[in-house]
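Each chain is listed here by its residues.
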Amino acid sequence: MGKIFKFDKDVDTDQIIASQYLLYPTIDEMKAHTFESLDKDFAANVKPGDYVVASENFGCGSSREQAPSVLKALGVKAVIAKSFARIFYRNAINIGLPVIVCKELHENVETGDDCELVLTEGVVKVNGASYECTKLPAYMQGILDQGGLIASLNEETAKAEASKDGAAVSDKQNTRAMTMAEKIIAAAAGVSEVKPGDIHTVELDRLMSNDGTTHLTIDMYNKLKYPRIADINKLVWIVDHNVPCDSVKTANSHKKMRDFAKANNVKFYEGAGVCHQVMVENHVTAGELIFGADSHTCAYGALGAFGTGVGCTDYLYAMVTGKSWLLVPETLRFNLSGSLPDGVYARDLILTIIGQISANGANYKAMEFGGEGLKSLTISDRIAICNLCVEAGAKTAIMEVDDITLDYLREHGREPKHVFNPDADAVYAQTYDIDLSSIKPIVAKPHFVDSVVDAAECIGTHIDEAFLGSCNNGRIEDLRVGAKIIEGKKVHPLVRFLVVPASQAVYEQALEEGILKIFMEAGAIVMNPNCSVCWGSCQGVIGADEVLISTGTRNFKGRAGSPDSFVYLASAATVTASAIKGEITTADRL
């Protein structure tokens, strides 16, 4: 029997544990700040055996495994919600924290109520009433029973056991039409076909990790009885979140990452840019299955790869075994037609789609894009679209492979592993037809990415800061858009305008083209390539009551600094125009 702590819908990972605490050396040091912006006394009041009860979409946002980890470290027995964001759910299972779906509980309980969970029966008991909850699939229950995914790595038979579930190559002919995501999973699992709901053991092609969680992965690795790396050539580590270091704690975290990479010959980047941009420029190719310890790994779908964000436990397991488990997702199909109007960009398109299907609309699903309209979208456009699909809850996002994809790969010295496009009669959970010519400039209002409106509805909203950058909108094409708008003009005297190229390659190209000079002459602050204010823990953090308009990935409460600040999301054009005006506006209104 434990006490209930009740929360509402869309509780995100920034609210569970804010970004400024992620580089603390241990979970024990982080846990005192759990739910700090929602309930400052939570960490002091929660007792071992207590429960967190929430409404829909609990744990949305980042892939940071610190979120379920701090709850487990405080002794929370289980999190019970109407629904969970995909990455949080998987991370919690992998570390041995029960996450239970119960549709009726939230409306019928209050903080302080006594609660009892009978997991084996699928029943929650509160105030003399019993509520049915979903039982976990046998595979996931098995992970919980063994104490979490890493527990198996401390058994000599772990590798052999991992290879038994779904990894054997089938000699059966493919009899089921499949989507792109299903084809990549089938190839990685060594089977002829898969279907949604199947759980397979898959061979990973690449494993990316950044400084947001790698220090925890290293600590976990060093505690293993049989530490090993299955294939060092699959690993890519990138320091990008806090560059350069903003504190001694960050410096120590980076040093731990740097030293391990050097000692083990891990491919290592520092100062090269934001992890996803670096990966697309240098590593990703079509047909690959990639785990990244960052939620926006779905960006790799721009090149026809299956990229998905995972926590550090998942990452460590794959690093040691070369494999992981994967639940085959349903797929949403987006048929694109026409082309975007002048002054409208791919970011406007994906924000429109997220607003249409909601922040939970693609939870544990793949988002597949194709159609004649795809030909009008550049690789930069495709990255921006796939990158933000996780904000609709997607497990992955993926674009059909065409000549634009193949030309990009050839230009970067890479060949596809597979060229998978969907079968004509593939089965989709839902199909959407999107006329690109109908898309307008969009703004996502605080504090949710799906709170989208026509930019015209926000005209005149005061801003204190503007940000052009991030893995979503910091490529050379985005900087060109901003430079064209601001050339010959000035940043508003009461606005800070941060311009942050997504990679060193983008920075050098912008330098050669004179773009950075244009921004600096206008009064913008040009920064080194890194995540910057997008993740809210270093450059450009905003204070209470301040307003930021951003090309970053999220606008959650407190995402860019103070929990009492406000973040609007928009395209590079709208952000730049707003920096000039001192209030939200669109480029055509200057």
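Residues numbered from 1 in each chain as written. Predicted model: local features only at pLDDT ≥ 70, side-chain atom pairs only at ≥ 80, totals over all residues. Heavy atoms only, no water.

Colleague: What am I meant to see in the overall build of the protein chain here?
Modeller: Of the regular secondary structure elements, the protein chain holds 20 helices and 25 strands. Taken over C-alpha atoms, the radius of gyration comes to 23 Å for the protein chain, in line with the 25 Å a tight globule of 590 residues would show. Expressed as lengths along the three principal axes of its C-alpha atoms, the size of the protein chain is roughly 65 × 55 × 50 Å. Burial analysis of the protein chain (590 residues in total) assigns 63% to the buried set. (Helix = DSSP H or I, 4+ residues; strand = E, 2+ residues; numbered from the N terminus. Rg over C-alpha atoms; globule rule 2.2 N^0.38 Å. Buried < 20%, exposed > 50% of the residue type's maximum accessible area, 1.4 Å probe, protein only.)

Colleague: Sorry, what's going on with the side chain of Asp-14 here?
Modeller: Mapped onto the elements, Asp-14 comes out in helix H1 (residues 13–16). Residue Asp-14 is classed as buried on the basis of its relative accessible area, which comes to 5%. Side-chain polar atoms of Asp-14 contact the side chain of Arg-559, separated by 3.0 Å. Residues contacting Asp-14, with those up to four places away along its chain left out, are Ser-19, Arg-64, Phe-556 and Arg-559. (Polar contact = N/O pair within 3.5 Å; in protein donor to acceptor, adjacent residues only side chain to side chain. Contact = heavy atoms within 4.5 Å.)

Colleague: Can you walk me through the state of the cysteines in this structure?
Modeller: Note on terminology: a disulfide is the covalent bond linking the sulfur atoms of two cysteines. Under the criterion given, the structure shown has 0 disulfides. Here Cys-275 stays free of any disulfide, with the sulfur of Cys-531 as its closest cysteine sulfur at 6.0 Å. Cysteine Cys-458 shares no disulfide, and the gap to the nearest cysteine sulfur, in Cys-534, comes to 19 Å. (Disulfide = S-S within 2.5 Å.)

Colleague: What is the right way to read unusual backbone geometry from this model?
Modeller: Peptide bonds are, in most cases, trans, and in most cases residues other than glycine have a negative phi. With an omega of -5°, the peptide bond between Val-243 and Pro-244 qualifies as cis. One can find Pro-244 in the loop between strand E10 (235–239) and helix H10 (248–264). For the bond running from Pro-446 to His-447, omega is 0°, close enough to zero to count as cis. One non-glycine residue, Asn-57, lies in the positive phi region at around 60°. Relative to the assigned elements, Asn-57 resides in the loop between strand E2 (51–54) and helix H4 (66–73). The buried category is assigned to Asn-57, whose relative accessible area is 2%. In this structure, Ser-358 is a non-glycine residue whose phi angle is positive, near 90°. With respect to the element layout, Ser-358 can be found in the loop between helix H13 (346–357) and strand E16 (365–370).

Colleague: I would appreciate a short explanation of the nonpolar core in the present structure.
Modeller: A general tendency of soluble globular proteins is for nonpolar side chains to be buried together. Among the nonpolar cores identified, the biggest contains 115 residues, and Phe-42, Phe-58, Leu-71 and Trp-237 are the most heavily contacted of them. Excluding residues that lie within four positions of it along the chain, Phe-42 makes contacts with Phe-5, Phe-7, Thr-34, Phe-35, Val-52, Leu-71, Leu-74 and Val-76. One finds Ile-357, Phe-369, Cys-386 and Cys-534 within the second-largest nonpolar core, a separate group that totals 50 residues. (Core = buried A, V, L, I, M, F, W, Y, C linked by side-chain atoms within 4.5 Å.)

Colleague: Whenever I open this one, the sheet that holds strand E3 (residues 78–81) confuses me. Can you help?
Modeller: Sheets are built from strands paired through backbone hydrogen bonds, the pairs being either parallel or antiparallel. Across the sheet, which stays open at both edges, the 7 strands sit in the order E4-E3-E2-E1-E5-E6-E7 with mixed pairing between neighbours. The outermost strands of the open sheet, each flanked by one partner alone, are strand E4 (99–101) and strand E7 (129–132). Pairs of neighbouring strands in the sheet enclose a mean axial angle of 30°, with direction left out of account. When strand E5 (residues 114–118) meets strand E6 (residues 123–126), the two strands line up antiparallel, connected through 4 bridges. The residue of E6 that forms the bridge with Glu-116 is Lys-125. (Pairing = 2+ DSSP bridges. Axes fitted to C-alpha atoms, helices over the stretch in contact; angles between N-to-C directions.)

Colleague: Where do I start with the packing of aromatic side chains in this structure?
Modeller: Aromatic ring pairs are defined here through the distance separating the ring centres and the angle between the ring planes. Throughout the structure, instances matching the rule amount to 15 aromatic pairs. Judged by centre distance (5.3 Å) and plane angle (85°), the ring pair of Tyr-221 and Phe-260 falls under edge-to-face. Of this pair, Tyr-221 sits in helix H9 (residues 214–222) while Phe-260 sits in helix H10, placing them 39 residues apart in sequence. Using a relative accessible area of 9% as the deciding quantity, one classes Tyr-221 as buried. Between Phe-334 and Tyr-432 the ring centres are 4.9 Å apart and the planes differ by 10°, which places this aromatic pair in the stacked class. Within this pair, whereas Phe-334 is found in strand E15 (residues 330–337), its partner Tyr-432 is found in strand E18 (residues 430–435), the two being separated by 98 residues in sequence. In terms of burial, Phe-334 and Tyr-432 fall into one category: buried. Its guanidinium or amino end placed over the ring of Tyr-364, Arg-86 lies 5.9 Å from that ring's centre, counting from NZ or CZ. For the cation-ring pair, Arg-90 lies above Trp-325, with the distance from its terminal atom to the ring centre recorded as 3.9 Å. (Phe/Tyr/Trp six-rings, centres within 6.5 Å; stacked < 30°, edge-to-face > 60°. Lys NZ or Arg CZ within 6 Å of the ring centre and 35° of its normal.)

Colleague: Whenever I open this one, the pattern of salt bridges confuses me. Can you help?
Modeller: Any two side chains of opposite charge can pair, given that their charged atoms come close. Enumeration over the complete set of coordinates arrives at 31 salt bridges. A salt bridge links Arg-64 to Asp-14, with the shortest nitrogen-to-oxygen separation between them at 3.5 Å. Highlighted residues: Arg-64 in the loop between E2 and H4 and Asp-14 in helix H1, separated in sequence by 50 residues. Considered together, Arg-64 and Asp-14 belong to a single accessibility category, that of buried residues. Taking the shortest distance from any N to any O, the salt bridge between Lys-234 and Glu-203 comes out at 2.8 Å. (Salt bridge = Lys/Arg side-chain N within 4 Å of Asp/Glu carboxyl O.)

Colleague: Is there a simple way to think about the pairing of strand E9 (residues 206–210) in this case?
Modeller: On any regular strand, side chains alternate: one points to one face of the sheet, the next to the other face. Where burial is concerned, most of E9 is hidden: 5 out of the 5 residues are buried. Alternating residues of E9 divide into Arg-206, Met-208 and Asn-210 and Leu-207 and Ser-209, and every residue in both groups is buried. Relative to strand E12 (residues 289–292), E9 runs parallel, the two sharing 3 bridges. Bridge assignment links Leu-207 to a residue of E12, and that residue is Phe-291. In the sheet, E9 pairs with E10 via 4 bridges, with the strands oriented parallel. In the strand pairing of E10, Leu-207 is matched with Leu-235. Taken together, E9, H9 and E10 constitute a β-α-β crossover, and its handedness is right-handed. (Right-handed = clockwise from strand over helix to strand, strands pointing away.)

Colleague: Would you take a moment to explain the environment of Thr-214 for this structure?
Modeller: Tracing the backbone through its elements, the reader meets Thr-214 in helix H9. Under the relative-accessibility criterion, Thr-214 is labelled buried at 0%. Considered as a pair, Thr-214 and Ile-238 are 24 residues apart in the sequence and their alpha carbons are 9.4 Å apart. Sequence-distant contacts of Thr-214, defined by excluding residues within four places in its chain, comprise Ser-209, Trp-237 and Met-257. Here Ser-209 takes part through its side chain, which lies 2.6 Å from a polar atom of the side chain of Thr-214.

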